[in-house]
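Breakdown of the fold
What follows is the residue order along each chain.
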Amino acid sequence: MERVLIVEKLTRFFGRSMAVEDLSFSVNCGEIVGFLGPNGAGKTTTFRILAGLIDGTSGFASICGIPVARRDRRIFGLFSLMAENNPLPPQPTPFEYLMWRAKLKGVGDGRREVVRVLQACDLLHCAKRCQIRNLSRGFSQRIALADALLGRPRLLLLDEPTAGLDPIQALEVRRMLSTLNDGPTIIFSSHILSEVEAFCQRVLILNRGHLIADGSIQNLQKEFQNHGPAAPL
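About the thresholds
Residues numbered from 1 in each chain as written. Predicted model: local features only at pLDDT ≥ 70, side-chain atom pairs only at ≥ 80, totals over all residues. Heavy atoms only, no water. Helix = DSSP H or I, 4+ residues; strand = E, 2+ residues; numbered from the N terminus. Expected span 1.5 Å × (residues − 1). Buried < 20%, exposed > 50% of the residue type's maximum accessible area, 1.4 Å probe, protein only. Arc of directions from axis to C-beta. Contact = heavy atoms within 4.5 Å. 1 Å grid on protein atoms, 1.4 Å probe; cavity = no way out; pocket = protein on both sides within 12 Å on 5 of 7 lines; lining within 4 Å. Points joined across faces, edges and corners; volume = space filled by probe spheres on them. Nonpolar A, V, L, I, M, F, W, Y, C, P; charged D, E, K, R; others polar. pLDDT = per-residue confidence, 0-100. Pairing = 2+ DSSP bridges. Axes fitted to C-alpha atoms, helices over the stretch in contact; angles between N-to-C directions. Core = buried A, V, L, I, M, F, W, Y, C linked by side-chain atoms within 4.5 Å.

Look at helix H2 (residues 94-105): 16 Å from first C-alpha to last across twelve residues, which is about the 16 Å you get at 1.5 Å a residue. Within the span of H2, buried status applies to Pro94, Phe95, Tyr97, Leu98 and Ala102. All buried residues of H2 lie within an arc of 160° about the axis, which places them on one face of the element. Of the exposed residues in H2, the ones pointing more than 90 degrees away from its buried face are Lys103 and Leu104. As for H2, its buried residues are in contact with helix H3 (110-120) and helix H4 (137-149).

What follows concerns helix H5 (residues 167-178). In this model H5 runs 16 Å from its N-terminal to its C-terminal C-alpha over twelve residues, within 8% of the 16 Å that 1.5 Å per residue would give. Along its buried surface, H5 packs onto H3, H4, strand S7 (155-159), strand S8 (185-190) and helix H6 (193-199).

Left-over empty space is what a probe sized like a water molecule reveals as it rolls over the atoms. One pass over the structure, following the stated rule, counts two cavities of 30 Å³ or more. What the second largest cavity holds in volume is close to 30 Å³. Residue lining of the second largest cavity: Leu50, Ala51, Gly52, Val68, Ile75, Phe76 and Phe79, and that is the complete set. Of the residues contributing to the lining of the second largest cavity, the split by class is six nonpolar, one polar and no charged.

For the rest of this paragraph, the subject is the confidence of the model for the protein chain. Across the protein chain, the average pLDDT comes to 89, with 95% of residues at 70 or higher. In the model of the protein chain, helix H7 (residues 217-224) stands out as the element of lowest mean pLDDT, 74, in contrast to strand S4 (residues 58-63), which has the highest, 97. Low confidence marks residues 229-233, where pLDDT is under 50. Its contacts with residues over four positions away, or in another chain, come to ten contacts.

A separate point is the sheet that holds strand S10 (residues 210-216). Read from one edge to the other, the open sheet built from six strands follows the order S6-S7-S8-S3-S9-S10, with strand pairing classed as mixed. Across the chains shown, the open sheet's two edge strands, defined by having one partner strand only, are strand S6 (79-82) and S10. On average, adjacent strands in this sheet sit at an angle of 15° to one another, irrespective of strand direction. Of the pairings in the sheet, the one linking S6 to S7 comprises four bridges and is parallel in character. By the bridge assignment for S7, phenylalanine 79 is matched with leucine 155. On top of the sheet, H4 reaches S6 and S7; it is set at about 165° to S6, its chief contact.

So, about the nonpolar core. Counting 45 residues, the largest nonpolar core has Leu98, Leu158, Leu177 and Ile186 as the members making the most contacts within it. Sort the elements by how many residues they give to this core and H4 lands first, with six residues. Ignoring anything within four residues of it in the chain, the contact list for isoleucine 186 reads Glu31, Ile32, Val33, Leu156, Leu158, Leu177 and Phe199. Core analysis: the next-biggest nonpolar cluster, separate from the first, contains 28 residues, Val7, Ile63, Cys64 and Leu78 among them.

Have a look at this one:
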């Protein structure tokens, strides 16, 4: 099976502070993988390295066979990062904002692609008549997700995509992700084990910058069954 993402001995220090160390894993095409760990475990740092926003101190990572550190322009059409804190401009409508983002990303047939992602994220009804500033946190997260889906990336890096949402809004985000018909590979970051259990096929558990577990939901449930949902935290 094709590996979309390969990470080998990835390490990042900020001064003398270690964020991640000797992190190694791979993700196959079409997998939905939970990236689980408490705040400060190194999840966001790992995503920022994979997205090319910062460099690793050492180690290697590649997306679809292209090394991340090369900053090869081809790689930026292969993945999307949905950051945890993703402020949106208040004035435009969702349609206007996504048309601008599609142009910025060089997406062909931008109007058709924007309509596709608006439909996938159930935003068509408010796409042209509501300014972003008048929409709820849940709808703002849907817009950020629609942005991440533009151009049909092969890999989605979703950093705490349900943070700040109520349980119903969080469920709706997971439902939309599970029904994507083009089947992107997804890495879903969270600090809540039950959320990852409900959505992901496989879990990577990160603690203090180290990968401490990697396996199927069923196997990890057995491992942590005596500790409850907060076990790795």
